[in-house]
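One letter stands for each residue in the lines below.
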Amino acid sequence: MTPDAASPETTGESDSVVFRHEPALARYTLELAGTTVGFADYEVAGQDVLFTHVEVDPAHRGEGLAGILVEQALDDVRTRTTLTVVPVCPYVVRWIDLHAEYQDLLTRGR
C-alpha cells in the first residue's frame, strides 16, 4: 500500500475477533475463532486506495462483522498511509456515509 506495505500483518483483537492486513493479497481479513469470516479487498492506484469488495460469510451476517472490518481497515489506512480512500464497494460507501468521522479520508491529499 505504501513503502511499508510488505510490513508484517496488522493484527487487532476484540474478544475472539482477529483483524489482519494481508498486503500481498491486497486484503484485510476478519477471523472468528481461527476461521476467516470476512474480507475487504482493495487496490492501490497512485495516491488512492480503492475498497472494491467487502464480504462476510453468510453464516455470520447480521453480527456487525462487516462494520468492524471496514472500521479497522480504514483505521489502518489512516494510521499507516496518506492515501485517499475511494469507496467502490456499496457497503463501504454506505458505511462511510453513516460515520462522519471517516469522511475526511475521502478528500485527504487532494
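Look a little higher up for the structure.
Keep in mind the model is a prediction, meaning the values are calculated, not measured.

### Notes on the overall build of the protein chain
Along the backbone of the protein chain there are 2 helices and 6 strands. For the protein chain, the N- to C-terminal ordering of α and β elements is β-β-β-β-β-α-β-α. Across the 110 residues in the protein chain, those meeting the buried criterion constitute 41%. Contacts in the protein chain between residues at least 24 apart in sequence constitute 45% of all its contacts with a sequence separation of at least 6. Accessible surface, the protein chain as shown: approximately 5800 Å² in total, 54% of it carbon and sulfur.

### Here we look at the pattern of salt bridges
Tallied over the entire structure, the rule returns 4 salt bridges. Here E31 makes a salt bridge to R20, at a shortest N to O gap of 3.3 Å. Separated by 11 residues along the polypeptide, E31 in strand β3 (residues 27-32) and R20 in strand β2 (residues 17-22) bring together distant segments of the chain. On the basis of relative accessible area, R20 is assigned to the buried category, the value being 17%. When the shortest N-O distance is used, the salt bridge between R78 and D104 registers 2.8 Å. With R78 in helix α1 (residues 65-80) and D104 in the segment after α2 (90-98), this pair connects stretches of sequence that are 26 residues apart. On the accessibility criterion, R78 (27% relative accessible area) is partly exposed.

### What to know about the side chain of T81
In this fold, T81 is placed in the loop between α1 and β6 (84-87). Within the structure, the side chain of T81 is placed 3.1 Å from the backbone nitrogen of L83, a separation counted as a polar contact.

### Here's the deal with the packing of aromatic side chains
Evaluated as defined, the whole model comprises 5 aromatic pairs. Where Y28 meets Y42, the ring centres are 5.5 Å apart and the plane angle is 45°; that geometry is what we call tilted. Taken together, the positions of Y28 in strand β3 and Y42 in strand β4 (residues 35-45) put the pair 14 residues apart, joining distant regions of the chain. Measuring from centroid to centroid gives 6.3 Å for Y28 and F51, while their planes differ by 25°, and the two rings are stacked. Separated by 23 residues along the polypeptide, Y28 in strand β3 and F51 in strand β5 (residues 48-56) bring together distant segments of the chain.

Definitions and cut-offs
Residues numbered from 1 in each chain as written. Predicted model: local features only at pLDDT ≥ 70, side-chain atom pairs only at ≥ 80, totals over all residues. Heavy atoms only, no water. Helix = DSSP H or I, 4+ residues; strand = E, 2+ residues; numbered from the N terminus. Buried < 20%, exposed > 50% of the residue type's maximum accessible area, 1.4 Å probe, protein only. Contact = heavy atoms within 4.5 Å. Areas by Shrake-Rupley, 256 points an atom, 1.4 Å probe, with all protein chains shown as cover. Salt bridge = Lys/Arg side-chain N within 4 Å of Asp/Glu carboxyl O. Polar contact = N/O pair within 3.5 Å; in protein donor to acceptor, adjacent residues only side chain to side chain. Phe/Tyr/Trp six-rings, centres within 6.5 Å; stacked < 30°, edge-to-face > 60°.

Keep in mind that these numbers describe shape and distance, not what the molecule does.
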